[in-house]
Amino acid sequence: MGKRDNRVAYMNPIAMARWRGPTQSAGPTIQDYLNRPRPTWEEVKKQLENKKKGSKALAEFEEKMNENWKKELEKSREKLLSGNENSSKKREKKKKKKRKSCQSSSSPSSSSDSSSSCSESEDEEKKQGKKRKKKKSRSYKSSESSMCESESESKESVKKKKKSKDETEKEKYIRNLSKKRKKTHPEDKPLSSEASSESDYEEEVQAKKKRKHEEQEKAMEKVKKKKKKQHKKHSKKKKKKSGSSHKSG
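About the criteria used
- Residues numbered from 1 in each chain as written.
- Predicted model: local features only at pLDDT ≥ 70, side-chain atom pairs only at ≥ 80, totals over all residues.
- Heavy atoms only, no water.
- UniProt positions renumbered as here; feature names shortened; annotations may be inferred.
- Helix = DSSP H or I, 4+ residues; strand = E, 2+ residues; numbered from the N terminus.
- Buried < 20%, exposed > 50% of the residue type's maximum accessible area, 1.4 Å probe, protein only.
- Areas by Shrake-Rupley, 256 points an atom, 1.4 Å probe, with all protein chains shown as cover.
- Phe/Tyr/Trp six-rings, centres within 6.5 Å; stacked < 30°, edge-to-face > 60°.
- Lys NZ or Arg CZ within 6 Å of the ring centre and 35° of its normal.
- Salt bridge = Lys/Arg side-chain N within 4 Å of Asp/Glu carboxyl O.
- pLDDT = per-residue confidence, 0-100.
- Contact = heavy atoms within 4.5 Å.
- Patch = residues over 30% accessible without salt bridge, like charges linked within 9 Å, V, L, I, M, F, W, Y side chains within 5 Å.
- Lys, Arg positive; Asp, Glu negative; His and termini not counted.
- Charge placed at Lys NZ, Arg CZ, Asp CG, Glu CD.

- Looking up the chain in an unreviewed UniProt entry gives the name Family with sequence similarity 133 member A, with the organism given as Oryctolagus cuniculus.
- We quote the UniProt Sequence similarities (unreviewed entry) comment for the chain here in full: "Belongs to the FAM133 family."

Here it is, written out as structure tokens:
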């Protein structure tokens, strides 16, 4: 049995398009767009007038809303003002009642006593206000003192930690020295070794300080020498430039 022939003939797309002819366009063409009906100048003016009328209506609506909002604001202001006036009136009434009570407690003949009692009540009120202020200042001072105490305690704890670290380092150094000496000189006495270890530790600390100081001095000398060399080079270059300029002249 032979194989089935699956080959398909090649068709040139450009030749096929030419053979089909021009395609029918579904939508409008450019010429149709250019020849479209357009409004006259009078119709355009009418459209603009209609737009302006619409904007006028919107402006009238906004004005009405603003008026209503202003009325609401005035009402709320009146309420607040009336509340403030009522509070001020109440205060005045209280003051008048106090004065009347002071006057009623004292007889009409002793007017000086009534005035003194009123002044005493006013003084008491002032004293109470001063006491309140003093209490507030004391509470503020106590809070400040507690803060200072906490800071001082934290500083002391840091110092104690540093001291404990130094002591532990010293003890470690002394132990290491005593161990080394026991290995090298086992016949020595323990007391003499402890005293000598402390002195050795102090000597080593001083030696380290001296080394640091000597290293700093050496570094400073090196910097000074470099600066001198740079200055000499710069002066030589200036002399060469001045000599060349004189020769050219």
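We are not done yet, so read on.
**Some points on the overall build of the chain**
Logical step 1: Of the regular secondary structure elements, the chain holds five helices and zero strands.
Logical step 2: The secondary structure elements of the chain, listed N-terminal to C-terminal, are α-α-α-α-α.
Logical step 3: Taken across its 249 residues, the chain has 4% of its residues classed as buried.
Logical step 4: When the accessible area of the chain is evaluated, it comes to approximately 25,600 Å², of which 53% is carbon and sulfur surface.

**Let's talk about the packing of aromatic side chains**
Logical step 1: Per the stated rule, a full pass over the model turns up zero aromatic pairs.
Logical step 2: Against the face of Tyr33 rests Arg36, its NZ or CZ located 4.4 Å from the ring centre.

**Re the pattern of salt bridges**
Logical step 1: By the definition in use, this model includes one salt bridge.
Logical step 2: Arg7 is paired through a salt bridge with Asp5; the nearest N and O atoms lie 3.1 Å apart. An identical accessibility class is assigned to Arg7 and Asp5; each is exposed.

**Things to note about the confidence of the model for the chain**
Logical step 1: Summary statistics for the chain give a mean pLDDT of 77 and a share of 80% for residues scoring 70 or more.
Logical step 2: At the level of individual helices and strands, the chain shows its lowest average pLDDT in helix α4 (residues 111–184), which scores 72, and its highest in helix α1 (residues 13–20), which scores 90.
Logical step 3: Here residues 188–194 is modelled with pLDDT under 50, and outside its nearest four sequence neighbours on either side it reaches one contact, counting other chains as well.

**Side note on a negative patch on the surface**
Logical step 1: Residues Glu60, Glu62, Glu63 and Glu67 make up a contiguous surface patch of negative charge.
Logical step 2: Relative to the helices and strands, Glu62 is located in helix α3 (residues 41–105).
Logical step 3: On the basis of relative accessible area, Glu62 is assigned to the partly exposed category, the value being 43%.

**What to know about α1**
Residues lying three or four places apart along an α-helix face the same way, a consequence of the helix completing one turn every 3.6 residues.
Logical step 1: Of all eight residues in α1, zero are buried, a share of ten percent or less.
Logical step 2: One or two positions beyond α1, positive phi appears at Gly21, with a value near 95°.

**Thoughts on a nonpolar patch on the surface**
Logical step 1: A cluster of nonpolar side chains, contributed by Ile30, Tyr33 and Leu34, occupies part of the molecular surface with about 380 Å² of accessible area.
Logical step 2: Mapped onto the elements of the fold, Ile30 is located in helix α2 (residues 30–34).

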